[in-house]
Amino acid sequence: MAMDMDKILAKHREISARGQDKGSSTSSTVGQDGVRYFKAIDGQNELRILPPMFGNDTFYVEHATHYKVGPNNKTVECPRTIGEKCPVCEYVQALYQGTNEEKELAKEIKAKKRWAINVIDTKNPQNGVQIYDIGETILEQILGQMMNPEVGDLTDPTTGRAIIITKTGQGRETTYSTSPKISVSQLSDAQLSLSVNIGEILVSKIVDYDTVIGIMDGSIGTEQRKGSLSQFLPKDAPATVAAPVAVAAPVAAYVAQVVVPTPIVVAPAAINTTGMSVMEKLKALKAQQG
Ligand SMILES: [Zn+2]
């Protein structure tokens, strides 16, 4: 029997529409840093990934982020990414020695590896180049596509192509599937020049030790209280939670257990970085930013 293409088209429209109806339809937000961030919507997202820029040798920049930190559920970029001490990581290490409830909290706030990439939303090109911060699942799928010799380097300006990322489900049930577009899409010099220096932006998000402590005890951040780190502390603990400092484990003790993120690679133009190691460059950049 011949295939009924009308029936197949109708089915495809039905499934696509189902995805678009639910949840967020906004695929783009501008952060406090003025940078535009892409967020996958339910259903199909079509993205063209940009090639490595700014001295990077990969199209992604690896970093580590803590989520739901402190009474205000803040997101904290892990300072260990640039080799500095992180009070959240120290606290997580201490929590792992505690009760099951504390271990659960440790899992929730421990540093999660993320990979930030430059993308163009091909259905909304007016949004320009945006940062898309992805987890391991999507990264693995993208790398898997690129391992296919018939697809190759998706990010190549001339021979690369867009990918379709389909998002289904909500919350912890969210799943993603990825497939490359068949046709090649070229990137213009103008588009390439809009690439965002992700490494520099990530470094600028890293705050000092005392500020992170402030986020952990709630003295910094004013959003609606949703859940609290302090609920897991002894009831007679002072209201200003000093515990994260007090319980800090020796550095050597947690290094073995906490995943150490690979330093992000930044090539700042304003500083003479000749002869500097990656870590020295990052520190110099951080110092320059104050
Ligand atoms: Zn950390």
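Details of the structure are given in the entry above.
Throughout, a residue's number is its position along its own chain's written sequence, starting from 1. In view of the model being predicted, local features appear only for residues whose pLDDT reaches at least 70, and side-chain atom pairs are presented and counted only at 80 or more, with totals across whole chains, interfaces and linings using the full set of residues. Side-chain metrics in this entry use all non-hydrogen atoms of the structure; hydrogen atoms and water are not considered.

Asker: Can you help me understand the overall build of the protein chain in this one?
Answerer: Broken down by element type, the protein chain carries 10 helices and nine strands. Within the protein chain, buried positions represent 40% of all 290 residues. Contact between two residues is taken to exist if any of their heavy atoms lie within 4.5 Å; hydrogens are not considered. Considering only contacts within the protein chain whose residues lie at least 6 apart along the sequence, 65% involve residues at least 24 apart. For the protein chain, the accessible area works out to roughly 15900 Å², and carbon and sulfur atoms hold 54% of it. Numbering of helices and strands runs from the N terminus, with a helix taken as a DSSP run of H or I at least four residues long and a strand as a DSSP run of E at least two residues long. Buried residues are those whose accessible area, probed at 1.4 Å on protein chains only, stays under 20% of the maximum for their type, while exposed residues exceed 50% and partly exposed ones sit between those limits. Here the accessible surface of atoms and residues is derived via Shrake-Rupley with a 1.4 Å probe, and residues count as covered only by protein chains that are part of the display.

Asker: For this particular structure, what's the right way to read the packing of aromatic side chains?
Answerer: Geometry of aromatic contacts follows a simple scheme: Phe, Tyr and Trp rings, the Trp one being its six-membered ring, pair when their centres are within 6.5 Å, and the pair is stacked under 30 degrees between planes, edge-to-face over 60, tilted otherwise. Under the definition given, this model contains two aromatic pairs. Both rings, one in F38 and one in Y132, keep their centres 4.9 Å apart while their planes meet at 85 degrees; by these two values the pair is edge-to-face. Taken together, the residues F38 in strand 2 (residues 36-38) and Y132 in strand 7 (residues 129-134) connect sequence positions 94 residues apart. Using a relative accessible area of 6% as the deciding quantity, one classes F38 as buried.

Asker: Sorry, what's going on with the coordination of the zinc ion here?
Answerer: Tetrahedral coordination by four donors puts the ideal angle at the metal at 109.5 degrees, and octahedral coordination by six puts it at 90 or 180 degrees. Because no water is among the atoms considered, metal sites can look incomplete, with donors defined as N, O and S atoms within 2.8 Å of the metal, or 3.2 Å for Na, K and Ca. Coordination sphere of the zinc ion, protein contribution only: H66 (NE2), C78 (SG), C86 (SG) and C89 (SG), at 2.1 to 2.3 Å. Here the zinc ion binds four donor atoms, and the angle range of 103 to 116 degrees at the metal identifies the geometry as tetrahedral. Expressed as a motif, the donor residue spacing for the zinc ion is H-x11-C-x7-C-x2-C. On the criterion of sequence distance, the pair formed by H66 in strand 4 (residues 60-69) and C78 in the loop between strand 5 (74-77) and helix 2 (87-95) is long-range, its members being 12 residues apart. When sorted by exposure, H66 lands in the same class as C78, which is buried. Geometry is assigned from donor-metal-donor angles: four donors are tetrahedral when every angle falls between 85 and 135 degrees, four are square planar and six octahedral when opposite donors sit over 155 degrees apart with all other angles between 65 and 115, and any other arrangement is irregular.

Asker: Would you explain the nonpolar core in this entry?
Answerer: Side chains of a nonpolar character, in soluble globular proteins, are inclined to be buried together. To qualify as a nonpolar core, a set must consist of buried Ala, Val, Leu, Ile, Met, Phe, Trp, Tyr and Cys residues joined through side-chain atoms within 4.5 Å. Judged by nonpolar contacts, the single largest core of 18 residues is most densely connected at I117, Y132, I134 and I142. Sorting the residues of this core by element identifies strand 3 (43-49), strand 6 (112-121), strand 7, helix 4 (136-147) and strand 8 (163-168) as the ones contributing at least two each. The biggest single contributor to this core is helix 4, with four residues. Apart from the residues within four sequence positions on either side, I117 is in contact with I49, F59, Y60, Q130, I131, Y132, I134, I142 and I198. Among the nonpolar cores identified, the runner-up in size contains 17 residues, and A64, V76, C86 and V212 belong to it.

Asker: What am I meant to see in unusual backbone geometry here?
Answerer: With the exception of glycine, the majority of residues adopt a negative phi angle, and the majority of peptide bonds are in the trans configuration. Even without being a glycine, K68 presents a positive backbone phi close to 55 degrees. As for its placement among the helices and strands, K68 is situated in strand 4.

Asker: Would you mind going over the pattern of salt bridges with me for this structure?
Answerer: It is possible for side chains of opposite charge to pair when their charged atoms get near one another. In what follows, salt bridge is the name for a side-chain nitrogen of Lys or Arg lying within 4 Å of a carboxyl oxygen of Asp or Glu. Throughout the structure, instances matching the rule amount to five salt bridges. For K107, the salt bridge goes to E104, with nearest N and O atoms at 3.3 Å. In this pair, K107 and E104 are both assigned in helix 3 (residues 100-109), three residues apart and thus about one turn of the helix distant. Exposure remark for K107: the relative accessible area of 44% places this residue in the partly exposed category.

Asker: Sorry if this is basic, but what is going on with the packing of helix 2 against helix 7 (residues 209-217) here?
Answerer: For any two helices packed against each other, the geometry comes down to the angle between their axes and how far apart the axes lie. At a minimum axis separation of 9 Å, helix 2 and helix 7 run at an interaxial angle of 55 degrees. For the element pair helix 2 / helix 7, the angle class is oblique. Taken together, the residues of helix 7 that come into contact with helix 2 (itself represented by P87, V88, E90 and Y91) are Y209, V212, I213 and M216. Taken together, the residues of the contact of helix 2 with helix 7 sort by class into seven nonpolar, no polar and one charged. Axis definition: a line fit to C-alpha positions, over the contact stretch in the case of helices; interaxial angles, taken between N-to-C directions, run 0 to 180 degrees. Note on angle classes: values under 35 degrees are labelled roughly parallel, values over 145 roughly antiparallel, values of 65 to 115 roughly perpendicular, and the remainder oblique. Gly counts as polar in this scheme, as do all residues outside two lists: the nonpolar Ala, Val, Leu, Ile, Met, Phe, Trp, Tyr, Cys and Pro, and the charged Asp, Glu, Lys and Arg.

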